[in-house]
Amino acid sequence: MTKKEIEERKFRPAREEADDAAKQAGTPQTQSAAYRLAFQDTEFLLREDLRPVRFQLELLKPQLLMDEARIESTFVFYGSARIPEPEQAQARIGAATTPQQRKIAENLAAKARYYEEARALARIAAQYPVNEAGCRHFVVCSGGGPSIMEAANRGATDVGQTTIGMNIVLPHEQAPNRFVTPELSFQFHYFALRKMHFLLRARALAVFPGGFGTFDEMFELLTLIQTGKMKPIPILLFGKDFWNRVVDFEALADEGVISHADLDLLTWVETAEDAWQAVQAFYEDSEPPAC
């Protein structure tokens, strides 16, 4: 809606009504929770039977803000929140106090190079040119947390570009990494809505070694494409040794629970350059959609 349309509409804006409601005299009636405007009543919105409304709000808010930012497509990064950046890897090994802790620290340190690969790939993707209509493609998007997610957002800021972070409320304290663009820093309550927003605009997706969350997000995407619920996009798996150790993809096909053709949904890469070349090859004969 344009400014002129807003000015000419017949009904007063909700914001003005809310301001007037706040000025009302204090009486037993106006001070009752029942009298609050429904959209300003937090306790009402948090009721169990308002869950469908909260679903709608959580779907709509990021959608509108990304529309306003002219973000037409994204390059999504999945990966562990525990892999250290190279400068911290040795310090974590030194801080280990038991043989088991040391082994885990060494395993994570061996994956530290993926921090740099994620950062490098994000730098490349973030420089994709804005089209004549002002639409932006391959905007870097991560879960907004540390490690691989931080590396992705950091790579975009390295080249002066905005970048998306999609955090989720967790029982332990956590916050968006400092490289997420504040105006594109989103917080979710529902995992399902967060995962939907990861994929709604995704034009490519890079998956780095990770744990339960990475598995969950990756396999949901594979299922959506396998079942025809979503059009194929490049799914770039970094770390073939890691993935083949923790998931026997060939065995799944040999057992008949997936098709051998399903394995073609995965593209194995080890470097940012390999990943970007795979994306270019995938879209070789097509242009990004216009706004």
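All residue numbers here refer to positions counted from 1 along the written sequence of the relevant chain. In view of the model being predicted, local features appear only for residues whose pLDDT reaches at least 70, and side-chain atom pairs are presented and counted only at 80 or more, with totals across whole chains, interfaces and linings using the full set of residues. To get the side-chain values, all heavy atoms of the structure are used, and hydrogens and water are removed first.

Asks: Would you mind going over the overall build of the chain in detail, with residue names and values included?
Replies: On a plain count of helices and strands, the chain comes out with 13 helices and seven strands. Taken along its principal axes, the extent of the C-alpha atoms in the chain is 70 × 55 × 45 Å. In the chain, buried positions account for 39% of the 291 residues. Between two residues, a contact is recorded if the distance between any of their heavy atoms is within 4.5 Å. A separation threshold of at least 6 residues defines the contact pool for the chain, and within that pool the share at least 24 residues apart is 69%. Using a 1.4 Å probe, the Shrake-Rupley method yields the accessible areas, and only the shown protein chains count as cover for residues. Accessible area for the chain stands at about 17,200 Å²; split by element, carbon and sulfur atoms hold 54% of it. Charge counting follows a simple rule: Lys and Arg are positive, Asp and Glu are negative, and His as well as the terminal groups are ignored. Here the site of a charge means atom NZ of a Lys, CZ of an Arg, CG of an Asp or CD of a Glu. Put simply, the chain has 32 plus and 41 minus side-chain charges, and the middle of one group is 5 Å from the middle of the other. Helix numbering and strand numbering both begin at the N terminus, where a helix is a DSSP run of H or I of at least 4 residues and a strand a DSSP run of E of at least 2. For the exposure calls, accessible area comes from a 1.4 Å probe over protein chains only, and a residue counts as buried if that area is under 20% of its type's maximum, exposed if over 50%, partly exposed in between.

Asks: Residue-level account of the nonpolar core, with values.
Replies: Within this scheme, the nonpolar core is defined by two criteria: the residues are buried Ala, Val, Leu, Ile, Met, Phe, Trp, Tyr or Cys, and they are joined through side-chain atoms within 4.5 Å. If you look at the biggest cluster of nonpolar residues, it comprises 61 residues, and the most contacted ones within it are Phe75, Phe77, Leu121, Ile164 and Phe238. The element that contributes the greatest number of residues to this core is helix H7 (residues 113-126), accounting for eight residues. Among the nonpolar cores identified, the runner-up in size contains five residues, and Ala89, Ala105, Ala109 and Ala112 belong to it.

Asks: Any details on the side chain of Arg54? Residues and values, ideally.
Replies: Its place among the elements puts Arg54 in helix H4 (residues 51-68). For this document, the term salt bridge refers to a Lys or Arg side-chain nitrogen within 4 Å of an Asp or Glu carboxyl oxygen. Within the buried set, Arg54 has no salt-bridge partner at all; the shortest N-O distance to an opposite charge, 5.1 Å, is to Glu48. Look past the residues within four positions of Arg54 in its chain and what remains in contact with it is Leu45, Leu46, Arg47, Glu48 and Tyr190.

Asks: Report on the packing of helix H9 (residues 191-200) against helix H10 (residues 212-226), specifying residues and quantitative values.
Replies: With axes taken as lines fitted to C-alpha atoms, and helix axes fitted only over the stretch in contact, angles between N-to-C directions fall between 0 and 180 degrees. The N-to-C vectors of H9 and H10 enclose an angle of 60°; their axes lie 11 Å apart at closest approach. Classified by the angle their axes make, H9 and H10 are oblique. Seen along the crossing, H9 lies across H10 with a hand that is right-handed. Where H9 abuts H10, its residues Arg194, Lys195, Phe198 and Leu199 lie against Asp216, Glu217, Glu220, Leu221 and Leu224. Angles are sorted into four bins: roughly parallel if under 35 degrees, roughly antiparallel if over 145, roughly perpendicular if 65 to 115, and oblique for all others. For a crossing to be left-handed, the near helix must be turned anticlockwise from the far one by less than a right angle; the clockwise case is right-handed.

Asks: Quick one: what's the story with a nonpolar patch on the surface, residue by residue and with numbers?
Replies: To count toward a patch, a residue needs a relative accessible area above 30% and no salt bridge. Like charges then connect within 9 Å, nonpolar side chains (Val, Leu, Ile, Met, Phe, Trp, Tyr) within 5 Å. On the surface, Leu59, Met196 and Leu200 cluster together to form a nonpolar patch covering roughly 250 Å² of accessible area. Here Met196 is to be found in helix H9.

Asks: Requested: an account of the sheet that holds strand E6 (residues 235-238), with residues and values cited.
Replies: In sheet architecture, strand pairing relies on hydrogen bonds along the backbone and comes in two forms, parallel and antiparallel. A pair of strands is considered paired only if DSSP assigns at least 2 bridges between the two. Reading across from one edge, E4-E3-E2-E1-E5-E6-E7 is the order of the seven strands in this open sheet, with parallel pairing throughout. Looking along the sheet, the strands with just one partner apiece sit at the ends: strand E4 (185-188) and strand E7 (266-269). Each neighbouring strand pair of the sheet contributes to a mean axis angle of 25°, computed without reference to strand direction. Note that strand E3 (residues 164-168) and E4 share four bridges and pair parallel. When the sheet's bridge partners are listed, Asn167 is paired in E4 with Gln187. Packed on one face of the sheet, helix H8 (residues 148-158) meets strand E1 (74-78), strand E2 (139-142) and E3 and runs near 160° to E2.

Asks: I'd like to hear about the side chain of Asn167, residue by residue, with values.
Replies: With respect to the secondary-structure elements, Asn167 resides in strand E3. Judged by relative accessible area, Asn167 falls into the buried class, the value being 4%.

Asks: Tell me about a negative patch on the surface, and name the residues and values.
Replies: A surface patch of like charges, here negative, comprises Asp248, Glu250, Asp254 and Glu255. Position of Asp248 relative to the elements: it lies in the loop between helix H11 (240-246) and helix H12 (249-254). The exposure class of Asp248 is partly exposed, given its relative accessible area of 48%.

Asks: Residue-level account of the packing of aromatic side chains, with values.
Replies: Any pair of Phe, Tyr and Trp rings, taking the six-membered ring for Trp, is counted once the centres come within 6.5 Å. Such a pair is stacked with planes under 30 degrees apart, edge-to-face with planes over 60 apart, and tilted for the rest. Taken as a whole and assessed by the stated rule, the structure comprises 17 aromatic pairs. Judged by centre distance (6.2 Å) and plane angle (50°), the ring pair of Phe75 and Phe138 falls under tilted. Taken together, the residues span a long stretch of sequence, with Phe75 in strand E1 and Phe138 in the loop between H7 and E2 at a distance of 63 residues. Here Phe75 and Phe138 have matching classes, each one buried. An aromatic cluster is built from Phe75, Phe77, Tyr114, Tyr128, Phe138, Phe208, Phe238, Trp276, Phe282 and Tyr283, whose rings are joined through pairwise contacts. Only when the NZ atom of a Lys or the CZ atom of an Arg is both within 6 Å of the ring centre and within 35 degrees of the ring normal do we say a charge sits over the ring. The side chain of Arg203 reaches across the aromatic face of Tyr283, ending 3.7 Å from its centre.

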